[in-house]
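Summary of the model geometry
For reference, the chains in residue letters:
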Amino acid sequence: MGAVKQVIYISGSGRSGSTLLERILHSAPGACSVGELHCLWRLPADAITCSCGAPFAADDRWRRIVAEAGFDRATLEELPALEGTVCRSGFIARHRFSLDSLRADPQVQRFLALQFRLFDAIARVSGSSLVVDSSKAGPRAWLLACDPRVAVLHLHRDPADVIVSWRSVKFDPGLGTAMQRIPVRAAALDWWKADRFAALLARVHPVARVDYQELCRAPRAALAAALATLGVTLPGEPQWLGPDAVEPGDNYHSLNGNPDRFDNGPLRIAARRVDWSRIAAAERPLIRLAAGALRVLSPRKSFGQAVR
Ligand SMILES: [Zn+2]
């Protein structure tokens, strides 16, 4: 018998505020955010530092979750190859962006069975009915959407801000190195793919678009509107401390994400200002050009009404 009643999947490009959103959701009693869950099998165990500060191998919470899910070494070795097949843009396209077609695929069925063993284990070990997965990848949103218990929050942040953020170096204490810094072209493509996959999914499955600036300006209203679009009720209210702050929830064990996940104390919600001064002058026109094109390719109306 499954334990998880609702999964919220956060999709979006990198650097779009998913760590902020998952921390707000985690503050709601009965909700458990786990960061970028796919890092569980994508990253070597010794490369993961949980947001509680423990190295993955020494993290009691994750040891219990993996055991509760019945995942052994063979399962964790099976997942990268299986994911490498099904969690691909081309694979979703070959299924003609059809959830019915995806659901009928035995490899997708196997992938989903393993994902829900994990979600159920997270729900049981944390005592939560709602699990938040911030893996962000667009193809993963499509695979998880095959199950009606999954609703998708798509984070939208202005493409210029996202690309500038990708080009600014930030240290990640979780990985012990500078965060990845990718070329403008790759950052623009990542943004476009995330946007396209979410817009297409919104035609056939509940997807709500959350605008990063709007979330930071009026977090309660932005979150309430998005959840209403999805028809999702949180098991408890986020622990608001006023209009722009929440008390972080206990037992936050986020596998991977923005370094902000290591912060303690009240979570102040404020839009991160992007720092163009850290971008080489010669690169700035390219970023403006790419962002302008992406804004044209993604008018807000490209998001259909969520299907209930
Ligand atoms: Zn932990």
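Bear in mind that the values here come from a model prediction, so they are computed numbers and not experimental data. (Residues numbered from 1 in each chain as written. Predicted model: local features only at pLDDT ≥ 70, side-chain atom pairs only at ≥ 80, totals over all residues. Heavy atoms only, no water.)

1. With respect to the sheet that holds strand S2 (residues 31-33)
Applicable threshold: We call two strands paired when DSSP finds no fewer than two bridges between them. A run of H or I in DSSP becomes a helix once it reaches four residues, and a run of E becomes a strand once it reaches two; helices and strands are each numbered from the N terminus. Where helices are involved, their axes are fitted lines through C-alpha atoms of the stretch in contact, as for all axes, and angles between N-to-C directions lie from 0 to 180°. By definition, residues are in contact when any of their heavy atoms lie within 4.5 Å.
The strand order S2-S3-S1-S4-S7 describes an open sheet built from 5 strands, whose pairing is parallel. With partners counted over all chains shown, the strands left at the sheet margins are S2 and strand S7 (207-211), one partner each. Geometrically, the sheet is characterised by an average inter-axis angle of 25 degrees between neighbouring strands, direction not taken into account. Two elements, strand S1 (residues 6-11) and strand S4 (residues 150-156), share 5 bridges in a ladder whose sense is parallel. Looking at S4, one finds that Ser11 is bridged to His154. This element, helix H10 (residues 184-201), spans S1, S4 and S7 of the sheet and lies at about 140 degrees to S4.

2. Observations regarding the packing of aromatic side chains
Cut-off, in case you're wondering: Note on aromatic contacts: the rings of Phe and Tyr and the six-membered ring of Trp form a pair at centre separations within 6.5 Å, being stacked when their planes are under 30 degrees apart, edge-to-face when over 60 apart, and tilted otherwise. Relative accessibility thresholds used throughout: buried, under 20% of the residue-type maximum; exposed, over 50%; partly exposed, between the two (1.4 Å probe, protein chains only). Only when the NZ atom of a Lys or the CZ atom of an Arg is both within 6 Å of the ring centre and within 35 degrees of the ring normal do we say a charge sits over the ring.
Evaluated as defined, the whole model comprises 4 aromatic pairs. Note on Phe97 and Trp142: the rings are 5.4 Å apart at their centroids and 70 degrees apart in plane angle, and the pair reads as edge-to-face. Of this pair, Phe97 sits in the loop between helix H5 (89-94) and helix H6 (99-103) while Trp142 sits in helix H8 (residues 138-144), and the two are 45 residues apart along the sequence. For the ring pair Phe97 and Phe197, a centre distance of 5.7 Å and an interplane angle of 65 degrees mean the geometry is edge-to-face. Of this pair, Phe97 sits in the loop between H5 and H6 while Phe197 sits in helix H10, and the two are 100 residues apart along the sequence. Residue classification places Phe197 among the buried residues on the basis of a relative accessible area of 8%. In textbook terms, an aromatic cluster arises when at least three aromatic residues are bridged by ring pairs, as seen for Phe97, Trp142 and Phe197. One Lys or Arg, Arg157, reaches over the ring of Tyr212 and ends 4.5 Å from the middle of that ring. We note Arg288 situated over the ring of Trp276; from NZ or CZ to the ring centre the distance is 4.6 Å.

3. What about the pairing of strand S3 (residues 130-136)?
Most of S3 is tucked away, with 7 of its 7 residues classed as buried. Residue alternation in S3 divides its side chains into two sets, Leu130, Val132, Ser134 and Lys136 and Val131, Asp133 and Ser135, and both sets are buried. With 5 bridges joining them, S1 and S3 adopt parallel strand pairing. Counted as the bridge partner of Ser11 is Lys136 from S3. Bridge analysis of S2 against S3 gives 3 bridges, and the strand direction is parallel. Counterpart to Cys32 in the pairing with S3 is Val131.

4. Regarding the pattern of salt bridges
For the record, the criterion: The term salt bridge refers to a pairing of a side-chain nitrogen on Lys or Arg with a carboxyl oxygen on Asp or Glu at a separation within 4 Å.
Within this structure, the stated rule accounts for 12 salt bridges. Notably, a salt bridge pairs Arg217 with Glu214, separated by 2.6 Å at the nearest N-O pair. Taken as a pair, Arg217 and Glu214 lie in helix H11 (residues 212-217) at a separation of 3 residues, close to a single helical turn. Residue class for Arg217 comes out exposed when judged on its relative accessible area of 61%. Looking at Glu214, the relative accessible area reads 33%, which means it is partly exposed.

5. Focus: the side chain of Ser27
Inclusion rule: In protein, a polar contact means a hydrogen-donor-capable atom and an acceptor-capable atom, both N or O and within 3.5 Å, with residues adjacent in sequence counting only if both atoms are side-chain atoms; elsewhere, any N or O pair within 3.5 Å suffices.
Assignment of secondary structure puts Ser27 in the loop between helix H1 (18-26) and S2. In this structure the side chain of Ser27 is engaged in a polar contact, spanning 3.0 Å, whose partner is the backbone nitrogen of Gln239. For Ser27, the contacting residues outside a window of four places in its chain are Glu237, Pro238, Gln239, Val246, Glu247, Pro248 and Gly249.

6. Describing the coordination of the zinc ion
Our working rule: Note that water is not among the atoms used; donors are N, O and S atoms within 2.8 Å of the metal (3.2 Å for Na, K and Ca), so sites may look incomplete. Four donors are marked tetrahedral only if all angles between them lie between 85 and 135 degrees, whereas four are marked square planar and six octahedral if opposite donors are more than 155 degrees apart and the other angles lie between 65 and 115; the remainder are marked irregular.
Note on the zinc ion: its protein donors are Cys50 (SG), Cys52 (SG), Asp59 (OD) and His253 (ND1). The metal-donor distances range over 2.0 to 2.3 Å. Of note is the zinc ion, whose 4 donor atoms meet at the metal with angles of 92 to 133 degrees in an arrangement that counts as tetrahedral. The motif formed by the donor residues of the zinc ion, counted along the single chain, is C-x1-C-x6-D-x193-H. One end of the pair, Cys52, is in the loop between helix H2 (39-42) and helix H3 (60-68); the other, His253, is in the loop between strand S8 (245-246) and strand S9 (267-268), and 201 residues separate them in sequence. You can call His253 buried: its relative accessible area is 13%.

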